[in-house]
Amino acid sequence: MTKRDLICVSCPIGCAITVELDDNNEVISVTGNTCPRGDKYARQECTHPERMLTSTVKVEGAKLPVVPVKSASPIPKEMLFDCMEEINKVSLTAPVRIGDKVIENILGTGVDIVATNNAL
Ligand code: SF4
């Protein structure tokens with residue numbers, strides 16, 4: 001059995017959570033959370049951690065050379081590096097507008113990469 005100590009990031013309170021895992025990485029218990037969101041966060045973080053991805057993409061013909069982008073929803077943590085490499089291959093042409101899809105379904109994750117600002 002292993003124990004993991006986490007800080008819940010689901011709200012600003014930041015409860016200290018302890019998760020007990022068996023040898024197969026299955027959750028045995030979650031303690032320290034003060035609401036169900038903490039339980040859900042802790043279980044996900046220990047079994048299938050995900051992160052939002054933010055980066056920038058090159059833009060030709062705009063005032064600034066890059067536009068900021070982010071994943072529309074969290075991406076499995078183990079795929080972040082590969083997704084960053086995919087994003088680095090992209091070059092856009094102005095105009096790019098906030099909310100434009102830059103990459104659809106990046107690497108089959110089901111998650112789109114979208115622009116978070118205009119590049120005009
Ligand atoms: S467990 Fe609930 S109250 Fe505590 S930080 Fe997470 S969301 Fe907030």
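The structure presented is a predicted model; accordingly, all values stated were derived computationally and were not measured.

Break down unusual backbone geometry for me, citing the residues and quoting the values.
With an omega of 5°, the peptide bond running from Ala 94 to Pro 95 counts as cis. Among the secondary structure elements, Pro 95 is positioned in the loop between strand S8 (91–93) and strand S9 (101–103). Phi angles above zero are rare outside glycine, and Asn 105 is one such case at about 50°. Looking at the secondary structure, you find Asn 105 in the loop between S9 and strand S10 (113–115). Classification of Asn 105 by C-beta neighbours within 10 Å gives exposed; the count is 11.

Explain the sheet that holds S10 to me, and be specific about the residues and the numbers.
Taken together, five strands build an open sheet; the order of strands is S8-S5-S6-S10-S9 and the sheet is mixed. Where the open sheet ends on each side, the last strands, each with one partner, are S8 and S9. The average undirected angle you get between the axes of adjacent strands in this sheet is 45°. Here strand S6 (residues 66–71) pairs with S10 via three bridges, running antiparallel. Each residue of the ladder has a partner; that of Ser 71, found in S10, is Ile 113. The strands touched by helix H2 (residues 80–88) within the sheet are strand S5 (54–60), S6, S9 and S10, with S5 carrying the most contacts at an inclination of about 15°.

Which residues make up the domain arrangement of the protein, and what values go with them?
The domain architecture assigned to the protein consists of domain 1 (2–48) and domain 2 (54–115). For domain 1 versus domain 2, the distance between C-alpha centres works out to 30 Å.

Give a detailed account of the environment of Glu 60, specifying residues and quantitative values.
Along the polypeptide, Glu 60 turns up in strand S5. Sequence separation between Glu 60 and Pro 95 is 35 residues, and the spatial gap between their C-alpha atoms is 8.9 Å.

Describe in detail the nonpolar core, supporting the description with residues and values.
Counting 15 residues, the largest nonpolar core has Val 57, Val 67 and Val 69 as the members making the most contacts within it. Secondary-structure elements contributing two or more residues to this core are S5, S6, H2 and S10. Excluding residues within four positions of it along the chain, Val 67 makes contact with Thr 56, Val 57, Val 59, Leu 92, Val 96, Ala 115, Asn 117 and Ala 119. Residues Ile 17, Val 19, Tyr 41 and Ala 42 belong to the second largest nonpolar core, which totals five residues.

If you had to explain the sheet that holds strand S2 (residues 16–21) to someone new, which residues and values would you point to?
In space, the three strands of this open sheet follow the order S1-S2-S3, with antiparallel pairing throughout. Of all strands in the sheet, those with a lone pairing partner are strand S1 (2–7) and strand S3 (27–31), marking the two edges. Pairs of neighbouring strands in the sheet enclose a mean axial angle of 20°, with direction left out of account. Sheet topology places S1 next to S2; six bridges connect them, and they run antiparallel.

Rules behind the numbers
Residues numbered from 1 in each chain as written. Predicted model: local features only at pLDDT ≥ 70, side-chain atom pairs only at ≥ 80, totals over all residues. Helix = DSSP H or I, 4+ residues; strand = E, 2+ residues; numbered from the N terminus. Buried ≥ 20, exposed ≤ 12 C-beta atoms within 10 Å, placed from the backbone. Pairing = 2+ DSSP bridges. Axes fitted to C-alpha atoms, helices over the stretch in contact; angles between N-to-C directions. Contact = placed C-beta atoms within 7 Å. Domains from an automatic or database assignment. Core = buried A, V, L, I, M, F, W, Y, C linked by C-beta atoms within 7 Å.

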